[in-house]
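Okay, here's what each chain looks like letter by letter:
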Protein chains: 2
Amino acid sequence: MKEYKTIQVALLGLGTVGFGVYKVLQMQKEEMRYKIGTEIEIKKILVRNLEKAASRIEDPSVLTNDWKEIAEDDEIQIVIEVMGGMEPARTYIMEAMQAGKHVVTANKDLIAADGKELMDEAKEMGCDLLFEAAVAGGIPIIRPLKQCLAGNHLTEIMGIINGTTNFILTKMTQDNMEFDEALALATKLGYAEADPTADIEGLDAGRKVAIMASIAFNSRVTFDDVYTEGITKITAADIRYAKEMGCDIKLLGVARNTPDGIEVRVHPMLIPSTHPLASVNDSFNAVFVHGDAVDDAMFYGRGAGELPTASAIVGDVFDIARNLQYECNGRISCTCYKEIPIKKMDDIECKYFLRMLVKNRPGVLAGVTTVFGSQMVSIEQIIQKKKFGELAEIVVITETVKESSVKASLEEFEKMEIVKEISAMIRVYGED
Amino acid sequence: MKEYKTIQVALLGLGTVGFGVYKVLQMQKEEMRYKIGTEIEIKKILVRNLEKAASRIEDPSVLTNDWKEIAEDDEIQIVIEVMGGMEPARTYIMEAMQAGKHVVTANKDLIAADGKELMDEAKEMGCDLLFEAAVAGGIPIIRPLKQCLAGNHLTEIMGIINGTTNFILTKMTQDNMEFDEALALATKLGYAEADPTADIEGLDAGRKVAIMASIAFNSRVTFDDVYTEGITKITAADIRYAKEMGCDIKLLGVARNTPDGIEVRVHPMLIPSTHPLASVNDSFNAVFVHGDAVDDAMFYGRGAGELPTASAIVGDVFDIARNLQYECNGRISCTCYKEIPIKKMDDIECKYFLRMLVKNRPGVLAGVTTVFGSQMVSIEQIIQKKKFGELAEIVVITETVKESSVKASLEEFEKMEIVKEISAMIRVYGED
């Protein structure tokens with residue numbers, strides 16, 4: 001065992017999360033010597049604007065805008081990357097590991113795209129590369145998946161892993177808002193960024209589900225493999241219909257390890273209101289996991305924010321500090337030892353909720369059901385809901401069928417003179 | 001790094017959980033070499049009845065009824081204790097560690113009573129002593145508390161950590177059963193043991209909350225410190241009244257780190273139906289945690305059962321296997337480095353739900369409120385509910401007050417001629 005009075009670290013970035021890490025390390029100052037046997041000291045903080053950063057911290061002499069000062073400082077043993085984005089974060093992390101430094105990062109973009117290269121480098125150098133904060137903020141999920149649940153064949157991960165969209169859908173559900181109104185409120189309250197695309201189109205959730213799938217199924221899944229569909233087309237009407245059927249609509253990241261390959265996708269989904277994920281509201285996140293030994297488990301908490309994200313990062317930093325003292329860095333590295341193919345979205349099987357406007361005349365229902373029949377789409381429920389003058393609304397929930405069959409049906413409907421509009425196509429969660 | 005083709009382990013006990021571990025290790029046979037770099041092989045299984053056990057496993061030659069055969073076998077590096085109870089489990093675990101073996105146990109009775117002595121011995125010998133399965137079965141909670149959330153001052157833990165009582169309360173809530181009927185059903189379905197005392201009186205939950213409090217607050221809490229009160233006095237009527245007030249009744253293990261000391265207790269509690277714990281039903285468990293960085297987090301899943309409990313145990317065994325290869329056993333040992341006093345139950349502060357039958361005559365309400373006033377008990381809500389002939393029912397919810405003040409009020413009521421019966425006194429969860 002190696003003794004350290006202090007372990008010196010560098011922080012790359014002093015934005016919301018970076019400042020959170022700075023604060024949490026201060027909050028733990030009195031405790032850490034007892035908790036982990038050493039003290040963590042921030043020796044350098046890399047920032048773009050020295051002046052702006054100086055006003056935020058006690059000792060501005062730790063600030064630098066020169067990465068080399070950190071990379072070449074052998075006293076710095078851990079680099080905490082909280083800048084976000086692909087570059088220069090990627091280069092800095094690689095150079096840090098090449099210099100034998102251990103890395104903690106919250107960078108989901110990077111891990112979801114280049115996880116393999118980064119983990120390979122970590123292994124090569126015997127470094128720790130930890131990223132608990134990259135998925136679901138403060139919620140412990142990476143370590144539980146890699147360690148606590150290692151005795152399982154995990155077959156399903158299903159998560160509400162984007163707080164912005166969950167806030168918007170909660171407002172649409174509870175206050176009957178339309179999407180635009182709920183997004184405007186989210187922006188006003190700071191839950192949505194000025195450009196909300198990555199959140200509302202499901203890209204942020206897609207990165208997180210790629211990372212979780214890689215770990216859960218021991219096979220590398222990158223962001224490119226993930227089908228993503230956002231919530232911009234969801235209407236208050238869809239949510240009302242879902243409620244009538246005992247369901248809520250959530251934006252879910254879904255990963256399933258099936259006999260024909262890995263399904264990995266982000267899209268809105270109807271889930272039964274009795275499902276534990278259905279009551280995860282506002283900006284909270286939750287990840288639901290199924291394994292052959294543990295059965296169902298769920299992890300719930302704050303998926304973002306200054307201190308919750310810092311909580312995950314500092315947990316990782318403390319773990320590396322323990323590894324340094326026990327000289328066992330690299331103890332848990334990449335766990336992707338399989339190469340399971342990714343299933344095409346057309347090949348997934350699911351139930352579907354469909355809503356369409358048709359001309360209100362005899363034989364229409366027969367016409368619609370004939371199309372479904374010809375595409376082998378079995379129907380669980382079909383209701384002619386309401387009439388709007390000449391038009392009638394038909395709402396369908398299918399049995400579990402192939403995505404491609406549903407799509408082919410919709411293509412046929414679009415060609416039919418009696419079908420005025422296909423208003424919604426939303427996947428439905430259900431046991432097979 | 002040390003290479004092992006196989007790591008040999010011994011299983012103490014082949015009951016429900018023991019057989020689960022046997023099965024899960026078989027289920028992971030093909031995977032473990034890749035997952036953890038070595039294979040785990042069960043070299044010995046200690047059982048009482050060799051013949052009975054022989055019919056359950058593939059190779060009966062691993063069975064023994066002689067502990068010495070295991071203790072003295074230097075090839076056995078990990079002992080998995082799943083016998084339960086205090087003795088001989090305690091002696092075996094101590095002797096195993098004295099022989100330099102690492103230990104995984106699911107034994108909450110033992111850890112809640114003698115955790116300090118066992119962890120001291122582990123530290124002395126540089127052994128791992130892991131017990132993820134001792135609290136909340138398959139749900140990852142020990143490792144998240146010790147590692148993932150180490151960057152927090154945790155201030156509150158609140159858990160549904162007994163499946164039997166949660167099943168009973170769920171049936172009482174959803175099907176309007178009385179306690180006896182729900183217990184009979186639980187027994188019939190195998191959720192309750194022949195002697196259900198430890199479950200329904202809150203002792204089992206008390207052991208688990210003692211273990212969690214010790215880890216969360218870094219200060220040793222033993223089972224003796226825990227106030228326990230079961231669910232035998234809860235009636236279907238209490239649950240109906242709670243529902244009217246927007247609450248559910250759950251048996252909760254509560255631990256709070258307050259400026260005047262640690263509160264640690266198990267009792268039924270009214271919690272708002274919107275709280276994430278309120279929708280944890282049937283035999284599911286969940287643990288809710290609050291920390292200064294992570295804010296709220298919750299862990300949900302199967303709190304018992306053959307395979308879920310084995311999932312937690314095998315996760316621990318895999319972790320020790322990694323430590324053996326990296327020669328870093330003992331990397332995370334006892335984390336109780338403080339000595340925080342335990343608060344007396346009389347000194348806790350809470351809201352209270354009280355239900356009493358009084359004589360239906362003028363001035364009764366004034367009499368009752370005068371008593372509360374004299375004991376400094378502020379009232380949030382008081383309702384005269386119904387009349388039964390000569391009697392009227394009064395339901396009270398207090399503001400947050402001292403437990404001793406409520407008790408003193410109840411003592412005064414018992415002396416009063418106008419008070420016929422105190423039907424219920426149940427604590428209420430609420431923000432202070």
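K.L.:
Lay out the interface of chain B and chain A in plain terms, naming residues and giving numbers.
P.N.:
Every contact between the two is made by 52 residues of chain B and, on the other side, 52 residues of chain A. Of the roughly 4,600 Å² buried at the junction of chain B and chain A (both faces included), carbon and sulfur atoms supply 55%. For the interface between chain B and chain A, the tally reads 6 salt bridges. Two residues, Arg331(A) and Asp319(B), come together in a salt bridge whose shortest N-O distance is 3.1 Å. The greatest single-element share of the side of chain B that touches chain A, amounting to 10 residues, is contributed by helix α13 (residues 306-326) of chain B. Across the side of chain B that touches chain A, the residue classes break down as 24 nonpolar, 15 polar and 13 charged. When strand β12 (residues 295-302) of chain A meets strand β12 (residues 295-302) of chain B, the two strands line up antiparallel, connected through 5 bridges.

K.L.:
Describe the relation of the copies chain B and chain A, with residues and values.
P.N.:
You can overlay chain B on chain A at an RMSD of 0.0 Å; the transform is a turn of 180° with a shift of 0.0 Å along its axis. Considering both components of the superposition, the chain copies are consistent with a two-fold axis. When C-alpha positions in chain B are compared against the rotation axis, the closest is assigned to Phe299(B), at 2.4 Å. Here 100% of the contact residues of chain B are again contact residues in chain A; the copies associate through an equivalent surface.

K.L.:
Run through the pairing of strand β2 (residues 39-46) of chain A, naming residues and quoting values.
P.N.:
Residues and elements named next belong to chain A. Two elements, strand β1 (residues 6-12) and β2, share 7 bridges in a ladder whose sense is parallel. The residue bridging Leu11 from the neighbouring strand is Ile45, located in β2. In this structure, β2 lies alongside strand β3 (residues 63-64), joined through 2 bridges in parallel fashion. Considered in β3, the bridge of Leu46 is made with Thr64.

K.L.:
Describe in detail the pattern of salt bridges, supporting the description with residues and values.
P.N.:
In this structure the tally under the stated criterion is 66 salt bridges over all chains. For Lys338(B), the salt bridge goes to Glu31(A), with nearest N and O atoms at 3.0 Å. Taken together, the residues span two chains, with Lys338(B) in the loop between α13 and β13 (349-359) and Glu31(A) in the loop between α1 (16-27) and α2 (32-36). According to the relative accessible area criterion, Lys338(B) is partly exposed, its value standing at 26%. Accessibility expressed as a relative area gives 11% for Glu31(A), which makes it buried. Between Glu380(A) and Lys351(A) there is a salt bridge, with the nearest N and O atoms lying 2.8 Å from each other. Linking Glu380(A) in strand β14 (residues 379-388) with Lys351(A) in strand β13 (residues 349-359), this pair joins segments that are 29 residues apart in sequence. Taken together, the shared-partner salt bridges connect Glu132(A), Arg143(A), Asp316(A), Asp319(A), Arg322(A) and Arg331(B) into one network.

K.L.:
Go over the pairing of strand β5 (residues 102-105) of chain A, please, and point to the residues and values.
P.N.:
Residues and elements named next belong to chain A. Across the two faces of β5 the burial is the same, with His102 and Val104 and Val103 and Thr105 all buried. Relative to β5, strand β4 (residues 76-81) is paired through 4 bridges, and the arrangement is parallel. Its bridge partner lying in β5, Glu81 is registered against Thr105. Note on the crossover from β4 through helix α5 (residues 89-98) to β5: the handedness is right-handed. For β5 and strand β6 (residues 129-130), the ladder comprises 2 bridges, and the chain directions are parallel. The residue of β6 that forms the bridge with Val104 is Leu130. In terms of handedness, the path from β5 via helix α6 (residues 108-125) over to β6 forms a crossover that is right-handed.

K.L.:
Let's hear about the sheet that holds strand β4 (residues 76-81) of chain B: which residues, and what values?
P.N.:
The strand order β3-β2-β1-β4-β5-β6 (chain B) describes an open sheet built from 6 strands, whose pairing is parallel. Bordering the open sheet on either side are β3 (63-64) and β6 (129-130) of chain B, each of which pairs with just one other strand.

K.L.:
So what's going on with the sheet that holds β4(A)? Residues and values would help.
P.N.:
Strand order in this open sheet of 6 strands is β3-β2-β1-β4-β5-β6 (chain A), and the pairing throughout is parallel. Of all strands in the sheet, those with a lone pairing partner are β3 and β6 of chain A, marking the two edges.

K.L.:
Describe in detail unusual backbone geometry, supporting the description with residues and values.
P.N.:
The linkage connecting Glu87(A) with the following residue, Pro88(A), adopts the cis geometry, with an omega of 10°. Following the sequence through the fold, Pro88(A) ends up in the loop between β4 and α5. Within the chain, Asn176(B) stands out as a residue other than glycine whose phi angle is a positive 60°. Residue position: Asn176(B) is located in the loop between α8 (163-174) and α9 (179-188).

K.L.:
Tell me about the side chain of Thr170(A), residues and numbers included.
P.N.:
One can find Thr170(A) in helix α8 (residues 163-174). Once you skip the residues sitting within four places of it in the chain, Thr170(A) turns out to touch Asp175(A), Lys250(A), Asn281(A) and Asp282(A).

K.L.:
Quick one: what's the story with helix α6 (residues 108-125) of chain B, residue by residue and with numbers?
P.N.:
All names here are of chain B. Between its terminal C-alpha atoms α6 stretches only 22 Å, short of the 26 Å expected from 18 residues at 1.5 Å a residue. The axis of α6 is deflected most strongly, by about 90°, at Asp114. Along α6, the positions that sit buried rather than exposed are Lys108, Leu110, Ile111, Ala112, Asp114, Gly115, Leu118, Met119, Glu121 and Ala122. Next to the buried residues of α6 lie α5 (89-98), β5 (102-105), β6, α7 (142-148) and α11 (203-217). Regarding α6, its N-cap is Asn107, as a side-chain oxygen of that residue lies 3.4 Å from the backbone nitrogen of Asp109 further along.

What counts, and where the lines are drawn
- Every chain is numbered on its own, with residues counted from 1 as its sequence reads.
- Chain letters and ligand numbers both follow the written order, the letters beginning at A and the numbers at 1.
- Under the rules for a predicted model, residues below a pLDDT of 70 receive no local features and side-chain atom pairs below 80 are neither given nor counted, while totals for whole chains, interfaces and linings still include all residues.
- By convention in this description, side-chain values take in all heavy atoms of the structure and omit both hydrogens and water.
- When checking whether two residues touch, look at their non-hydrogen atoms; a contact exists if any pair is within 4.5 Å.
- Accessible surface is computed with a 1.4 Å probe, and the buried area is the amount of it that two parts give up when combined, taken over both parts together.
- Definition used for salt bridges: Asp or Glu carboxyl oxygen within 4 Å of a side-chain nitrogen of Lys or Arg.
- What counts as a helix is a DSSP run of H or I of at least four residues, what counts as a strand is a run of E of at least two, and both are numbered from the N terminus.
- In this count, Pro and Cys sit with the nonpolar residues alongside Ala, Val, Leu, Ile, Met, Phe, Trp and Tyr, while Asp, Glu, Lys and Arg are called charged and the others, Gly among them, polar.
- When DSSP finds at least two bridges between two strands, those strands are taken to pair.
- We place the copies in one frame by least squares, fitting the C-alpha atoms of every residue whose pLDDT is at least 70 in both.
- Exposure classes here rest on a 1.4 Å probe applied to the protein chains alone. A residue is buried below 20% of its type maximum, exposed above 50%, and partly exposed in between.
- By convention, a crossover is right-handed whenever its connection, traced from the first strand over the helix to the second and viewed with the strands pointing away, goes clockwise.
- A helix's residues, less one, multiplied by 1.5 Å, set its expected span.
- Two axes enter the definition of the bend at a residue: one is fitted to the seven residues ending there, the other to the seven starting there, and the bend is the angle between them.
- Two N or O atoms count as a polar contact when they lie within 3.5 Å, although within protein this holds only if one can serve as hydrogen donor and the other as acceptor, and sequence-adjacent residues are included solely when both atoms are side-chain atoms.

No statement about biological role is implied by the geometric values presented.
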